[in-house]
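Spelled out from the first residue to the last, the chains are:
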Amino acid sequence: MLNDSELHDVCGGAVNWGIVGIIAAAVSFIVGVFDGIARPFKCR
């Protein structure tokens, strides 16, 4: 069993949600570009 000071020293398992968000936005943008090339529609 860990005490409070040992629990504060534990590192790892953290996910940087900013990086995850940027990657998701980039993937969504790239998919949108390919979709626009594959199925071009005129603006309405």
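Look up: the structure comes first, before these words.
Residues numbered from 1 in each chain as written. Predicted model: local features only at pLDDT ≥ 70, side-chain atom pairs only at ≥ 80, totals over all residues. Heavy atoms only, no water.

## Quick notes on the overall build of the protein chain
A count of helices and strands for the protein chain gives two helices and zero strands. Each of the three principal axes of the protein chain carries a C-alpha extent, and together these read 65 × 15 × 15 Å. For the protein chain, the accessible area works out to roughly 4,500 Å², and carbon and sulfur atoms hold 68% of it. (Helix = DSSP H or I, 4+ residues; strand = E, 2+ residues; numbered from the N terminus. Areas by Shrake-Rupley, 256 points an atom, 1.4 Å probe, with all protein chains shown as cover.)

## A closer look at the pattern of salt bridges
Enumeration according to the criterion identifies one salt bridge in this entry. A salt bridge links Asp35 to Arg39, with the shortest nitrogen-to-oxygen separation between them at 2.9 Å. (Salt bridge = Lys/Arg side-chain N within 4 Å of Asp/Glu carboxyl O.)

## Focus on a nonpolar patch on the surface
On the surface, Phe29, Ile30, Val33, Phe34 and Ile37 cluster together to form a nonpolar patch covering roughly 550 Å² of accessible area. Its relative accessible area of 60% is what places Phe29 among the exposed residues. (Patch = residues over 30% accessible without salt bridge, like charges linked within 9 Å, V, L, I, M, F, W, Y side chains within 5 Å. Buried < 20%, exposed > 50% of the residue type's maximum accessible area, 1.4 Å probe, protein only.)

## A few points about the environment of Pro40
With respect to the element layout, Pro40 can be found in the segment after helix H2 (17-38). Between the C-alpha atoms of Pro40 and Val20, which are 20 residues apart in sequence, the distance is 29 Å.

Such coordinate-based values are descriptive only and should not be taken to indicate function.
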